[in-house]
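Now for the letters of each chain:
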Amino acid sequence: MNVLHVLFKVDGSEYAMPAADVVQMESFTGATPVPGAPSHVAGLVQVRGRVIPVVDARVRFGLPAGTPSLDSRVVVGQLGERTVGLLVDSAREVLKLDPRTIQPPPPMVVEGAKGFVKAVAQVGPRLVMLIDFPRVVGEEAADVDGQR
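Residues numbered from 1 in each chain as written. Predicted model: local features only at pLDDT ≥ 70, side-chain atom pairs only at ≥ 80, totals over all residues. Heavy atoms only, no water.

Brief notes about the overall build of the protein chain
Of the regular secondary structure elements, the protein chain holds 3 helices and 11 strands. Its C-alpha atoms give the protein chain a radius of gyration of 15 Å, within 12% of the compact-globule value 15 Å for 148 residues. Across its three principal axes, the protein chain shows a C-alpha extent of roughly 40 × 30 × 30 Å. Counting only residues that meet the buried cut, the protein chain has 41% of its 148 residues in that class. Long-range contacts, defined here as pairs at least 24 residues apart, represent 52% of the contacts in the protein chain between residues at least 6 apart. Counting every atom, the protein chain has about 8300 Å² of accessible surface; 54% of that belongs to carbon and sulfur. (Helix = DSSP H or I, 4+ residues; strand = E, 2+ residues; numbered from the N terminus. Rg over C-alpha atoms; globule rule 2.2 N^0.38 Å. Buried < 20%, exposed > 50% of the residue type's maximum accessible area, 1.4 Å probe, protein only. Contact = heavy atoms within 4.5 Å. Areas by Shrake-Rupley, 256 points an atom, 1.4 Å probe, with all protein chains shown as cover.)

What about the sheet that holds strand S7 (residues 82-88)?
Overall, mixed pairing links the 5 strands, which are arranged S3-S6-S7-S5-S4 in an open sheet. Among the strands making up the open sheet, the edge pair consists of strand S3 (22-27) and strand S4 (41-47). Within the sheet, the average angular offset between the axes of one strand and its neighbour, ignoring direction, is 30°. The pairing of S3 with strand S6 (residues 73-79) spans 5 bridges and is antiparallel. In the strand pairing of S6, Ser-27 is matched with Arg-73. (Pairing = 2+ DSSP bridges. Axes fitted to C-alpha atoms, helices over the stretch in contact; angles between N-to-C directions.)

A short note on the packing of aromatic side chains
Across all of its chains, the model carries 3 aromatic pairs by this definition. The interplanar angle of 40° and the centroid separation of 5.8 Å between the aromatic rings of Phe-61 and Phe-116 together place this pair among those described as tilted. Linking Phe-61 in the loop between helix H1 (57-60) and S6 with Phe-116 in the loop between helix H2 (107-112) and strand S10 (117-123), this pair joins segments that are 55 residues apart in sequence. The buried category is assigned to Phe-116, whose relative accessible area is 7%. Members of the aromatic cluster, connected to one another through ring pairs, are Phe-8, Tyr-15, Phe-61 and Phe-116. (Phe/Tyr/Trp six-rings, centres within 6.5 Å; stacked < 30°, edge-to-face > 60°.)

Regarding the confidence of the model for the protein chain
The predicted structure's coordinates, where accompanied by low pLDDT, should not be read in detail. Of all residues in the protein chain, 93% attain a pLDDT of 70 or more, and the chain-wide mean is 89. The secondary-structure element of the protein chain with the lowest mean pLDDT is H2, recorded at 74, while strand S1 (residues 3-10) shows the highest, at 96. Counting contacts from residues 141-148, a segment whose pLDDT is below 50, to residues more than four positions away or on other chains yields 14 contacts. (pLDDT = per-residue confidence, 0-100.)

Regarding unusual backbone geometry
One non-glycine residue with positive phi stands out, namely Asp-11, at about 55°. Within the element layout of this structure, Asp-11 appears in the loop between S1 and strand S2 (13-18). The phi dihedral of Arg-48 is positive, around 50°, even though this residue is not glycine. For Arg-48, the location among the structural elements is in the loop between S4 and strand S5 (50-56).

Some thoughts on the sheet that holds S10
Within a sheet, each strand pairs with its neighbour through backbone hydrogen bonds, oriented either parallel or antiparallel. Strand order in the open sheet made by the 6 strands is S8-S1-S2-S11-S10-S9, with mixed pairing throughout. Each edge of the open sheet is held by one strand with a lone partner, namely strand S8 (90-97) and strand S9 (102-103). For S9 and S10, the ladder comprises 2 bridges, and the chain directions are antiparallel. From the neighbouring strand, Gln-103 faces S10, where its bridge partner is Val-120.

Right, dumping it as structure tokens:
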């Protein structure tokens, strides 16, 4: 059974997460910095009357922070009772991924990606990395070997 995923880009690479975990996507107009917050936390934003933390995917993935553009989006996800945003370079596509096209990432990728990438899907000629959303936003710590 194909599963609907939200695709987004960070530094030219494509990533995906299940659409069932996404509450909404918002344009990014800036965040209120939080003193003492980890460097990957871009700050707080207000989404439909709720204040939520936003994690900068670029910084979380070990890339330099980017300059927000008109394409920048906050992918708002739900983790149990918590709502967290993920700042990405762009997010414009939703598609169904065939489970037969999804494979575990190579061991070398698992080590380098700190468990952020849990699978890789081939979409035509493109490779899309499926992220572990709780781990990316810092809600769940990775073990040394990248496994839970």
